[in-house]
There are 2 protein chains.
Amino acid sequence: MTFIDMLRGATARNDSLLCVGLDPEPSRFPAGLRGDAGRIYDFCAAIVDATADLACAFKPQIAYFAAHRAEEQLERLMRHMRATAPHVPVILDAKRGDIGSTAQQYAIEAFERYGADAVTLSPFMGFDSIEPYLAYHGKGAFLLCRTSNPGGDDLQSQRLASVDGQPLLFEHIARQAQGPWNRNGQLGLVVGATYPAEIERVRALAPTLPLLIPGVGAQGGDAAATVRAGLRPDGPVVVNSSRAILYASADEGFAAAARQAAQATRDALNAARG
Amino acid sequence: MTFIDMLRGATARNDSLLCVGLDPEPSRFPAGLRGDAGRIYDFCAAIVDATADLACAFKPQIAYFAAHRAEEQLERLMRHMRATAPHVPVILDAKRGDIGSTAQQYAIEAFERYGADAVTLSPFMGFDSIEPYLAYHGKGAFLLCRTSNPGGDDLQSQRLASVDGQPLLFEHIARQAQGPWNRNGQLGLVVGATYPAEIERVRALAPTLPLLIPGVGAQGGDAAATVRAGLRPDGPVVVNSSRAILYASADEGFAAAARQAAQATRDALNAARG
């Protein structure tokens, strides 16, 4: 089954546009686990179990594992998600970007070692830095397009003088990803939730690509505006929330609190579908 | 000691502009080690021992370790380099690029977990995605500027309509890195060796930044043209060669062959210093 089929399936089955982001920070873990990097798996697995029927995807952010020497815990978590929520696709958030021969190694890491269904990538080094991931037919690849951080403007909002219509850099990326770069229909785009007008602009340029939209919740994006700007009958959205769910409570009821936060976010997103 | 001091020290002591890139591919290992991902450390340590007096830096490429579940071997290799070549700085080639809170995790990975002296980064997400690394005073951060792969053109050579003088994107990055982004003098730039004219252009815009120049050797860049284009009395260059050294021989004399290849490349680079 391809990533896009899994995504459509989980979106329908769980009636959800919500992606649960797994950014484990031991210092923010609930009492009993707090500060213990050896419990990253336990914490994340509890979140997965509490939200598996509410999410259209899970998105582990690999930096949070790498900082704590927790690669084996991430491998275990990937297996756990596959076993307990086989219908929910997993997007490995790694934002890799390197030349072909090195990109092949990162593709092995994402798709073979961790068994991810999709990965996030940086397009800065151009199409041939994306291509090795597309050799894994059916896997998804979300390219950074317009990111939600303040510095996202620095390069992404530069206007390109020599491209037809003088698009902004992120608009150019959206167009390339919808068109010539999307050889096997595997591409999607990452577009931050803090700028709904820009989500709308990206959607106009990339009418059918899945949009991965981080920044709802802790980062301040508006759930309803995000869905209205990005969702189309043929254009799926995956709206990510991490910290607002993971750290909804710092006591032993953290998993139930996470479930409640996920449910509230899912409902807010669904209400905006109209 | 700061990265830049270490780099100047090793360049002088070893009379070398050569960075030895560590991109271990078990399938290309010499007979006896071939195909055995458990021997990545042994292979790399032998290369380090054979070239420690010839290199101004070592550059492990983390993807080659991650693809083979070899993080512990990389940790061990970092300790080995520190112990046997304490005067040679280590650049962790990771090309990370993410928002602030995630970038902090990657900075922990590079500087605390692996103890690297410098790291490579993607500037695509803007200055605030670089800032967390600069909090580690004295550490170096090389930003991707103009990469040597064919697709490097796709975005990096776009002309920016709204920036003074309408620079190309990579020229804009060079200017930002030499100027406002370089708050504590920690930044450098990655510029591919396949385009000496562009190295010269970057050097004009960033007269004092260290340039990390991959692409000499297996990737076809011309060593002499590279040095002439990039090296200035106040502007250091670090010229990387990986595969041409690592895989100089596929038999048991691989370390001696690597030493010979490193020596030849070092000499070719030095000859161009004039």
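This structure is a prediction, so every number in the text was calculated from the model and none was measured.

Cut-offs used in this document
- Residues numbered from 1 in each chain as written.
- Chains lettered and ligands numbered in written order.
- Predicted model: local features only at pLDDT ≥ 70, side-chain atom pairs only at ≥ 80, totals over all residues.
- Heavy atoms only, no water.
- Contact = heavy atoms within 4.5 Å.
- Buried area = accessible area lost by both parts, 1.4 Å probe.
- Salt bridge = Lys/Arg side-chain N within 4 Å of Asp/Glu carboxyl O.
- Polar contact = N/O pair within 3.5 Å; in protein donor to acceptor, adjacent residues only side chain to side chain.
- Helix = DSSP H or I, 4+ residues; strand = E, 2+ residues; numbered from the N terminus.
- Buried < 20%, exposed > 50% of the residue type's maximum accessible area, 1.4 Å probe, protein only.
- Pairing = 2+ DSSP bridges.
- Axes fitted to C-alpha atoms, helices over the stretch in contact; angles between N-to-C directions.
- Phe/Tyr/Trp six-rings, centres within 6.5 Å; stacked < 30°, edge-to-face > 60°.
- Lys NZ or Arg CZ within 6 Å of the ring centre and 35° of its normal.
- UniProt positions renumbered as here; feature names shortened; annotations may be inferred.
- Least-squares fit on C-alpha atoms with pLDDT ≥ 70 in both.

Undergrad: Sorry, what's going on with the interface of chain A and chain B here?
TA: Bring the parts together and some accessible area is lost; that lost area is often taken as the interface size. Contacts between chain A and chain B engage 55 residues on the former and 55 residues on the latter. In terms of surface lost to chain B, no three residues of chain A exceed Q105(A), F124(A) and L155(A), which account for 16% of the buried area on that side. Counting every contact that joins chain A to chain B gives six salt bridges. The salt bridge involving E75(B) is made with R69(A); its shortest N-O contact spans 2.7 Å. Viewed at the interface, chain B and chain A are joined by 25 residue pairs in polar contact (both at pLDDT 80 or more). For the side of chain A that touches chain B, the secondary structure elements donating two or more residues are α3 (62–66), α4 (71–84), β3 (91–96), α5 (100–113), β5 (140–146), α7 (153–156) and α8 (169–178) of chain A. At seven residues, α5(A) tops the list of elements feeding residues into the side of chain A that touches chain B.

Undergrad: I tried to follow unusual backbone geometry on my own but got confused; where do I start?
TA: Excluding glycine, most residues fall at negative phi; most peptide bonds, likewise, are trans. With a phi angle near 50 degrees, K95(A) is a residue other than glycine that sits in the positive phi range. Mapping K95(A) onto the fold places it in strand β3. On the basis of relative accessibility, which here comes to 8%, the residue K95(A) falls in the buried class. Phi at R69(B) is positive, roughly 55 degrees, even though this residue is not glycine. You can see R69(B) is positioned in the loop between α3 (62–66) and α4 (71–84).

Undergrad: It is not clear to me how the environment of L189(B) should be interpreted in this structure. Could you clarify?
TA: All names here are of chain B. Structurally, L189 is set in strand β6 (residues 187–191). Taking the C-alpha atoms as reference points, L189 and D222, separated by 33 residues in sequence, lie 19 Å from one another. Residue contacts for L189: discarding those within four places in its chain leaves F142, L143, C145, I173, A174, A177, V202, A206, L209, P210, L211 and L212.

Undergrad: What is the right way to read the sheet that holds strand β6 (residues 187–191) of chain A from this model?
TA: The pairing of strands in a sheet happens through backbone hydrogen bonds and is either parallel or antiparallel. All names here are of chain A. Read across the sheet, eight strands follow the order β2-β1-β8-β7-β6-β5-β4-β3 without closing on themselves; strand pairing throughout is parallel. Every interior strand has two partners, whereas the edge strands, β2 (57–60) and β3, have only one. If you compare each strand with its neighbour and ignore which way they point, the axes differ by 30 degrees on average. Inspection of the sheet shows strand β4 (residues 118–121) paired to β5 by four bridges, in the parallel sense. Bridge pairing in β5 places T120 opposite F142.

Undergrad: Sorry, what's going on with the packing of aromatic side chains here?
TA: Centre distance and the angle of the planes are the two values used to describe a pair of aromatic rings. A complete count under the given rule lists 14 aromatic pairs over all chains for this structure. Aromatic side chains F43(B) and Y247(B) sit 5.8 Å apart centroid to centroid with 10 degrees between the ring planes, which places their arrangement in the stacked category. Taken together, the positions of F43(B) in helix α2 (residues 40–51) and Y247(B) in the loop between α11 (243–246) and α12 (254–271) put the pair 204 residues apart, joining distant regions of the chain. Just as F43(B) is buried, Y247(B) falls in that class too. Taken together, the ring pairs connect F29(A), F43(A), Y247(A) and F254(A) into an aromatic cluster. Geometry around Y195(A) places R146(A) over its ring, the cationic atom sitting 4.5 Å from the centre. The ring of Y41(B) has R76(B) lying over it, and the distance from NZ or CZ to the ring centre is 3.8 Å.

Undergrad: Where do I start with the UniProt feature "active site" in chain A in this structure?
TA: The UniProt feature table records "active site" at K95(A). Here K95(A) is in contact with Q61(A), T120(A), L121(A), S122(A), L144(A), G97(B), D98(B) and M125(B), once residues within four sequence places are set aside. Polar contacts involving the side chain of K95(A) include one to the side chain of D93(A), which spans 2.9 Å.

Undergrad: Can you help me understand the relation of the copies chain A and chain B in this one?
TA: Taken together, a rotation about one axis and a shift along it account for how the two chain copies relate. Overlaying chain A with chain B gives an RMSD of 0.0 Å, the required rotation being 180 degrees about an axis along which the chain moves by 0.0 Å. The two molecules are tied by a two-fold rotation axis, judged by turn and shift. Most of the interface of chain A is mirrored in chain B: 100% of its interface residues are interface residues there too.

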